[in-house]
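Each chain is listed here by its residues.
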Amino acid sequence: MFVKVCGLSTPESVREAVDSGADAVGFVLTASPRVVSPGQVSSLLAEVPGRVTPIGVFRHEPVADAVAIARAAGLEWVQLHGARTREDIATVHDAGMKVIRAVTMDATRHEIEDWGEDLLLIDAAVPGSGETWDYAAMAEVPELQGRKWLLAGGLDPENVGQAAASAQAWGVDVSSGVEASRGVKDLAKIRAFVHAAKSDATV
Ligand SMILES: O=C(O)c1ccccc1NCC(=O)[C@H](O)[C@H](O)COP(=O)(O)O
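Criteria and thresholds
Residues numbered from 1 in each chain as written. Predicted model: local features only at pLDDT ≥ 70, side-chain atom pairs only at ≥ 80, totals over all residues. Helix = DSSP H or I, 4+ residues; strand = E, 2+ residues; numbered from the N terminus. Buried ≥ 20, exposed ≤ 12 C-beta atoms within 10 Å, placed from the backbone. Contact = placed C-beta atoms within 7 Å. Pairing = 2+ DSSP bridges. Axes fitted to C-alpha atoms, helices over the stretch in contact; angles between N-to-C directions. Parallel < 35°, antiparallel > 145°, perpendicular 65-115°, else oblique. Left-handed = near helix turned anticlockwise from the far one by under 90°. Near = placed C-beta within 6 Å. Nonpolar A, V, L, I, M, F, W, Y, C, P; charged D, E, K, R; others polar.

Asks: How do you make sense of the environment of Ile 89 when you look at a structure like this?
Replies: Looking at the element boundaries, Ile 89 is found in helix H4 (residues 86-94). You can call Ile 89 partly exposed: it has 19 C-beta atoms within 10 Å. Taking the C-alpha atoms as reference points, Ile 89 and Ser 181, 92 residues apart in sequence, are found 33 Å from one another. Once residues within four sequence positions are removed from consideration, Ile 89 is found in contact with Val 99, Arg 101, Trp 115, Gly 116 and Glu 117.

The following block contains the structure:
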């Protein structure tokens, strides 16, 4: 199970995600209680070893801006929320970067199709809101069969195993479910989440 921990903003929380075994860490570079600056991301990258993928998260920014901001921060991956096009994905690749395309759980089948992104993420209606949704509905979606995709939205250490199994997700992404309060990460919850997601007993 691939695990991404998102919305990190302190060296301690990045170290906890890394030491717990997360595969990717996310830095929010768009309007959010979790926003960090490109300069902060550059510093936080000192805590990220090569086996872990750091990702810059964007919502409504034009793709060219997202690429430029991510590059300034020293990132090679962007996660794009909001209305996107196949051309946006090509723009990221033309810049020599990789992309997670985020769609909401009510996306059309056309939007769930493979647009050439490196990973698809299926999230709640509002990203980073902590809202749960009907994860099991994804298990029957033909476009997702045999595909690498991340489940997100309302996951936490207690529900991640059942949620990922019922959705038949390849990986999971979390932010709110590992926080003590909005935007403040809880180190014990990060550890518990990664261990639960990686545990054969729960997934
Ligand atoms: O975290 C935010 O505030 C945010 C704002 C704008 C776009 C994306 C944002 N976060 C993305 C993520 O943290 C994850 O992809 C996911 O939405 C986490 O959801 P949740 O675990 O429900 O907080």
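Asks: I tried to follow the sheet that holds strand S6 (residues 119-123) on my own but got confused; where do I start?
Replies: On the basis of which strands lie adjacent, the closed barrel formed by 8 strands has the order S1-S2-S3-S4-S5-S6-S7-S8 and parallel pairing. Neighbour-to-neighbour, the strand axes of this sheet turn through a mean angle of 25°, independent of strand direction.

Asks: Is there a simple way to explain the packing of helix H3 (residues 63-73) against H4 in this structure?
Replies: When two helices pack together, their arrangement is given by the angle between their axes and by how far apart the axes lie. Between H3 and H4, the least distance of the axes is 9 Å, while the angle of their chain directions is 30°. It follows that H3 is roughly parallel to H4 by the angle criterion. Crossing angle aside, the handedness with which H3 passes H4 is right-handed. From H3, Val 63, Ala 64 and Val 67 reach across to H4, where they touch Asp 88, Thr 91 and Val 92.

Asks: When you look at the site of the ligand in this model, what are you seeing that I'm missing?
Replies: Around the ligand lies a shell of 26 residues, among which Cys 6, Ser 32, Gly 128, Ser 175 and Ser 176 are the nearest. Only strand S2 (24-28), S6 and strand S8 (171-174) provide two or more residues apiece to the shell around the ligand. Of the residues assigned to the shell around the ligand, the class counts are 9 nonpolar, 13 polar and 4 charged.

Asks: Is there a simple way to think about the pairing of strand S3 (residues 53-58) in this case?
Replies: Residues in a regular strand point their side chains to alternate faces of the sheet. Most of S3 sits out of view: 6 of its 6 residues are buried. Burial of S3 is two-sided: the residues Thr 53, Ile 55 and Val 57 facing one way and the residues Pro 54, Gly 56 and Phe 58 facing the other way are all buried. Pairing of S2 with S3 involves 5 bridges; the strand directions are parallel. The residue bridging Phe 27 from the neighbouring strand is Gly 56, located in S3. Where S3 lies against strand S4 (residues 77-80), 4 bridges are found, and the strand directions are parallel. When the sheet's bridge partners are listed, Ile 55 is paired in S4 with Trp 77.

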